[in-house]
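# A look at the structure
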Amino acid sequence: MKKHLVMAVVPFLALGCGDDFKDENGDGIADGIREPDSVTVVTPATPKGTVSGQVLSTDLKPLSEASVEITIGSSADPLAGTTDAKGNFEFKDVPAGSQVLLTFTKAGYATLRASSTIPSSAGNVPINNANVSFGPVTLTRLDGSLRFLLVTPQGRPAANVRATLEASPAGTTILSNTDNTTRVMSTVVVEATSDDQGVLNFQGIPTAQELARYSTPGQLGTYKLWVSAVDSNSDGVPETNGYVDSYSASSVVASGTTRLITLPYSQVSNLPLNVEGSNVAMLRGASDSHPLRNMVRPGEPIYLYFNQPVQQSSLLVRLTDEYAKESLPVTVALGNGGYTATITPGNGVVQTGKEYNLDLRAVSAENGDLYSTRGFFFGGEPGSVSPVTIAEARYQETVVPPNLQQLNDGERVYITFSSPIWSPFESGIERAEVFFANDIDLNGDSRAGTALGELGYPDGFPLIRDEPVGPYATRTDRPELPVFGINFSGYSTRYSFIYTSGGIPYSTLAPNGVSLVVAFSSLGRRGLIGNYESIWGQPITADLTVTGIAIQPAPVTPP
């Protein structure tokens, strides 16, 4: 027993001396060892491996004479081989540990690429002659076609449109080595350009029948289509957007290989033409009429950004002042394929503190939709406040005799401010008041401050917002009409009051030299909450005075 035990231990001790190992056949295992382990394995100086596999068609028939190229590591020159009659291939003496890329090709079939690494060890045990198996490699035939008919949103053939089609999976392989098992798939990508009739014809792709049969639970046979955007006039702005969709191979088998595609509008289809951006807020389709968001600097254009392109020459713009008596000069230019417009008022037209009216019309180049709106804006610099003053006072002569160019009882007096103002009081008597100054006696009692509207009396003439809807009338047969119907902004340069006591007729007044005081300060004295405001949002709390009342002649009947 002891003698046998010693003999069993001695070889083990001898083999433990690594310097005494020999590997004459270069297989990485010490000669004479039938069951190698981490002690008896000799690391080969240049371990090698093999790469092998089999190439089949999708009906699992061997593909002979298929080309197989292998690129080892970063080598610039791949090695080439072909499959035998059974579709098999093998590359020997591939350096272990190297990354390999295999490319499988055969005329009339899809191309597949797959990569792997040649093992150089199994755990801590170095190995030689490791094998990486590619297979089976299956490749689809490229004898199918698929047609698409492209139509513009306006219903015309979409000619000269580029598109790309991807068919997948066009090839698969099961990649196996000692470390992992991976399923690799291939795709076929082809390009086409539509002809004059809008037909896209993709050739050299797997047939729908083969792709559908080739499907697996994890990968359905699918065609994926990408259609480029259409920019027929090469201005950088597409007339229609691109199109992307996927089609299962089984649906193509059931429904045919020609598909009709109506390309989408360059923006969301079936929406009305509208202005999405502008430095005049109320043109954006919103009811935002605040002057600071509708203020245009003198010399600055008005910018419009449409949600879809506008037909060339279809944009009509008319511009008037607050009274809309006449059209003011303005030029219009479309840009960016009709998506933008620049409206430029004539030189010196827009002035600080003035209100202007706009009438806009445009037609969509996509769906013929009509855009029509009327709005207003104010001249000025939002960050530069101008003080409000009274520009003039003027009374309207009536046709009731005597018409002696004097302010008579019952006539209307207009107060025109230097810039539009807003009133928080538009009902009842809760508003600013107007007084006659300079000791003017309105009721004929030879005393000042004893009648309505006399400075010093508690109550004056209520100041009424009298926002114009058109020019002053100068004739009775055909009164002047506005250039176009204008919208109320709620801000106005024109306010007015009625010169009347409501009882005993007041004295007539010669307009020259008469002073009027608009008492904004009276609001606080009367306990009213709120202030008149300028277009810059500044409260108006100080009294304003004007001397002299101009005459607005009464309308006349032409002879």
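How each quantity is defined
Residues numbered from 1 in each chain as written. Predicted model: local features only at pLDDT ≥ 70, side-chain atom pairs only at ≥ 80, totals over all residues. Heavy atoms only, no water. Pairing = 2+ DSSP bridges. Helix = DSSP H or I, 4+ residues; strand = E, 2+ residues; numbered from the N terminus. Axes fitted to C-alpha atoms, helices over the stretch in contact; angles between N-to-C directions. Buried < 20%, exposed > 50% of the residue type's maximum accessible area, 1.4 Å probe, protein only. Contact = heavy atoms within 4.5 Å. Core = buried A, V, L, I, M, F, W, Y, C linked by side-chain atoms within 4.5 Å. Salt bridge = Lys/Arg side-chain N within 4 Å of Asp/Glu carboxyl O.

## Section: the sheet that holds strand 21 (residues 330-335)
Strand order across the open sheet formed by 4 strands is 17-19-22-21, with antiparallel pairing between neighbours. Each edge of the open sheet is held by one strand with a lone partner, namely strand 17 (275-278) and strand 21. Each adjacent strand pair in this sheet contributes to an overall mean axis angle of 20 degrees, direction not counted. In terms of strand pairing, strand 17 meets strand 19 (residues 302-306) through 3 bridges, oriented antiparallel. Counterpart to Ser278 in the pairing with strand 19 is Leu304.

## Things to note about the side chain of Glu300
With respect to the helices and strands, Glu300 occurs in the loop between strand 18 (295-296) and strand 19. Given a relative accessible area of 18%, Glu300 falls into the buried group. If sequence neighbours within four positions are ignored, Glu300 has contacts with Asn279 and Pro345.

## A short note on the sheet that holds strand 28 (residues 461-462)
The sheet built from 4 strands is open, its strands ordered 28-27-31-34 with antiparallel pairing. Strands with a single pairing partner mark the edges of an open sheet, and in this sheet they are strand 28 and strand 34 (544-547).

## Remarks on the nonpolar core
Grouped together as the largest cluster of nonpolar side chains are 33 residues, with contacts concentrated most on Ile415, Phe417, Phe436, Tyr499, Leu516 and Phe520. Sorting the residues of this core by element identifies strand 25 (390-396), strand 26 (412-422), strand 27 (433-436), strand 30 (491-498), strand 31 (515-519) and strand 34 as the ones contributing at least two each. In terms of residue count, strand 26 provides more of this core than any other element does, 4 residues in total. When sequence neighbours within four positions are dropped, the list of residues in contact with Ile415 reads Ile390, Glu392, Ala393, Leu463, Thr493, Arg494, Tyr495, Ser496, Phe497, Leu516 and Val518. By size, the runner-up hydrophobic cluster in this structure holds 30 residues, among which are Met282, Leu319, Phe377 and Phe378.

## Here's the deal with the pattern of salt bridges
This model, assessed by the stated rule, comprises 11 salt bridges. In this structure, the salt-bridge partner of Arg297 is Glu381, at a minimum N-O distance of 2.7 Å. Of this pair, Arg297 sits in the loop between strand 18 and strand 19 while Glu381 sits in the loop between strand 24 (370-379) and strand 25, and the two are 84 residues apart along the sequence. As a salt-bridge pair, Glu392 and Arg394 come within 2.8 Å of each other at their nearest N and O atoms. The buried category is assigned to Arg394, whose relative accessible area is 19%. Salt bridges sharing partners connect three or more residues here, namely Arg297, Glu300 and Glu381.

## Observations regarding the pairing of strand 23 (residues 355-363)
With 7 of 9 residues buried, strand 23 is to be regarded as a mostly interior element. Bridge count for strand 23 against strand 24 is 9 bridges, and the pairing is antiparallel. Looking across to strand 24, one finds that Asp359 is bridged to Arg374. Once strand 23 ends, the chain turns through 6 residues before running back antiparallel as strand 24, passing Gly368 with a positive phi of about 70 degrees.

## Some points on the environment of Gln538
Mapped onto the secondary structure, Gln538 falls in the loop between strand 32 (532-534) and strand 33 (539-540). C-alpha separation for the pair Gln538 and Val388, spaced 150 residues apart in sequence, amounts to 9.5 Å. When neighbours within four sequence positions are excluded, Gln538 is seen to be in contact with Val385, Tyr532 and Glu533.

## Side note on unusual backbone geometry
The omega torsion of the bond from Ser168 to Pro169 falls at -5 degrees, within 30 degrees of zero and hence cis. In this fold, Pro169 is placed in strand 11 (residues 162-176). Positive phi, normally seen in glycine, also occurs at Ala324, with a value near 55 degrees. Note that Ala324 resides in the loop between strand 20 (316-321) and strand 21. Residue Ala324 is classed as buried on the basis of its relative accessible area of 0%.

## A word on the environment of Gly490
Topologically, Gly490 is positioned in the loop between strand 29 (464-465) and strand 30. Among the residues examined, Gly490 registers a relative accessible area of 14% and is labelled buried.

## Some thoughts on the pairing of strand 10 (residues 144-151)
The sheet contact formed by strand 10 and strand 13 (residues 199-205) spans 6 bridges and is antiparallel. By the bridge assignment for strand 13, Leu146 is matched with Phe202. Here strand 10 runs beside strand 16 (residues 258-262); their pairing, made up of 5 bridges, is parallel. Within the sheet, the bridge partner assigned to Leu150 lies in strand 16 and is Ile261.

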